[in-house]
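# Working through the structure, step by step
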Amino acid sequence: MDMSRIADQGLVLLGCGKMGSALLAGWLEGGLPPASVWVVDPHPSDWLKSRGVQINAPLPEAPALVLVAVKPQMMREALPALKALGGGETLFVSVAAGTPIATYEEMLGDETPIVRAMPNTPAAIGRGITAIIGNTHASAEHLDVAEGLLSAVGQVVRLERESQIDAVTGVSGSGPAYVFLLIECLAAAGEAQGLGADLAMQLAKATVAGAGALAEASDEPPSQLRINVTSPNGTTQAALEVLMEADHGFPHLLRQAVAAATHRSKELSRG
């Protein structure tokens, strides 16, 4: 299934909030004809209305793909309308957090090809990372299609089993919030040392963004990049001795944080 088949048979986007909009913008930029896209959304934005896509119109009988991007709590009311498309050739791809493949199989029939995906919010600027896993009816070709569509908003990785989604949620799904907190705390700490608020925030944002870009671009692992910045008995070493303190430092805190997010993800998936 390539983009031309999606263009011919149609793509249904269920939900067009932030994530749905980011995906749709990427697909349209990539050349998917607006007339091949059906969007189902109770409150279409002005941006969506100006895209030339079909909004809340009768759906095609056998679209190539349905992408589910509604909030988990809206899932049960939204999916029955799509039940007729289950059990056939239509591939379902879900970016809805906390909804396991089994829920879709229950509602659509277990013969339905389903790919579950966990994206993250930097998708809004094309810098996301999404993990995907398919059910037994999702073929290699289906996974390739899902990867192709989701790479419109960033990198895509494949999981070995669905249970890994909870840990992915803890690392990359919730992870942007940890980094935003780091920026907030770094700026506040700069203020405490005598910098103006705006200057401290500019320094903190640029430092975190720049270090992240350097980590991605460099052939060296982050551990080596850290060592490269750390002169013996220098300023960085003084800071790292605090941050890397065994019982209360950053490594311990992040392990606890990611474990807590992973645990909560498991709880939410169980409903």
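Residues numbered from 1 in each chain as written. Predicted model: local features only at pLDDT ≥ 70, side-chain atom pairs only at ≥ 80, totals over all residues. Heavy atoms only, no water.

### A short note on a nonpolar patch on the surface
Condition: What goes into a patch is any residue over 30% in relative accessible area without a salt bridge, connected to like charges within 9 Å or, for nonpolar side chains (Val, Leu, Ile, Met, Phe, Trp, Tyr), within 5 Å. Accessible surface is estimated by sampling points in the Shrake-Rupley manner with a 1.4 Å probe; for residues, cover comes only from the protein chains shown. When a carboxyl oxygen of Asp or Glu is within 4 Å of a side-chain nitrogen of Lys or Arg, the pair counts as a salt bridge. A run of H or I in DSSP becomes a helix once it reaches four residues, and a run of E becomes a strand once it reaches two; helices and strands are each numbered from the N terminus. Relative accessible area decides the class of each residue, using a 1.4 Å probe on protein chains only: under 20% of the type maximum gives buried, over 50% gives exposed, and in between gives partly exposed.
Nonpolar side chains collect at one region of the surface, where L182, L243, M244, F250 and L254 lie side by side and expose about 410 Å² of accessible area between them. Relative to the helices and strands, L243 resides in helix α11 (residues 235-243). Residue classification places L243 among the partly exposed residues on the basis of a relative accessible area of 42%.

### Examining the nonpolar core
Here is a general trend for soluble globular proteins: nonpolar side chains tend to be buried in one another's company. Convention followed: By nonpolar core is meant a set of buried Ala, Val, Leu, Ile, Met, Phe, Trp, Tyr and Cys residues that side-chain atoms within 4.5 Å join together. The criterion used for residue contact is that any of the two residues' heavy atoms lie within 4.5 Å.
Grouped together as the largest cluster of nonpolar side chains are 32 residues, with contacts concentrated most on L11, L13, L24, W27 and L67. With five residues, helix α6 (residues 140-150) is the single largest residue contributor to this core. Excluding its chain neighbours within four sequence positions, the residues that come into contact with L67 are V12, L13, L14, L23, W27, V93 and V95. By size, the runner-up hydrophobic cluster in this structure holds 24 residues, among which are W38, V70, F92 and Y104.

### A closer look at the side chain of N120
Note the cut-off: Here a polar contact is taken to be a pair of N or O atoms separated by no more than 3.5 Å, where protein atoms must pair a possible hydrogen donor with a possible acceptor and residues adjacent in sequence count only if both atoms sit in side chains.
Assignment of secondary structure puts N120 in the loop between β6 (114-118) and β7 (128-134). A polar contact of 3.0 Å, which involves the side chain of N120, links it to the backbone nitrogen of I129. Not counting chain neighbours up to four residues away, the residues in contact with N120 comprise M19, G128, I129, S172, G173 and P176.

### So, the pattern of salt bridges
One pass over the full model with this rule turns up six salt bridges. Here R116 ties to E162 by a salt bridge, and the two come within 2.9 Å at their closest N and O atoms. Note that R116 is positioned in strand β6 and E162 in the loop between β8 (154-158) and α7 (165-173), a separation of 46 residues in sequence. Owing to a relative accessible area of 5%, R116 belongs among the buried residues under this scheme. The exposure class assigned to E162 is partly exposed, which follows from its relative accessible area of 25%. Counted as one network, the salt bridges with shared partners bring together D144, E147 and R158.

### Re the pairing of strand β5 (residues 91-94)
As a reminder, the rule being used: Strands were regarded as paired on the criterion that DSSP finds at least two bridges between them. Handedness of a crossover is defined as follows: with both strands directed away from the viewer, a clockwise route from the first strand across the helix to the second makes it right-handed.
Here β5 shows two buried faces, one formed by L91 and V93 and the other by F92 and S94. The pairing of β5 with β6 spans three bridges and is parallel. By the bridge assignment for β6, V93 is matched with V115. In this region the chain leaves β5, passes through helix α5 (residues 101-108) and returns to the parallel neighbour β6; the handedness of that crossover is right-handed.

### Side note on the packing of helix α8 (residues 175-192) against helix α9 (residues 197-217)
To keep it simple, the criterion reads: Whenever a helix is involved, its axis is fitted only over the stretch in contact; in every case the axis is a line through C-alpha atoms, and angles between N-to-C directions fall within 0 to 180 degrees. Under this scheme an angle from 65 to 115 degrees is roughly perpendicular, one under 35 degrees roughly parallel, and one over 145 degrees roughly antiparallel; angles in between are oblique. If you view the pair so one helix is near and one far, a crossing is left-handed when the near helix is turned anticlockwise from the far one by less than a right angle, and right-handed when it is turned clockwise.
Viewed as axis vectors pointing N to C, α8 and α9 meet at an angle of 140°, and their least axial separation amounts to 8 Å. On the basis of the axis angle, α8 is oblique to α9. Here α8 and α9 pass one another in a crossing that is right-handed. Packed against α8, whose contacting residues are V179, L182, I183, L186, A187, G190 and E191, the element α9 presents A197, A200, M201, A204, K205 and V208 at the interface.

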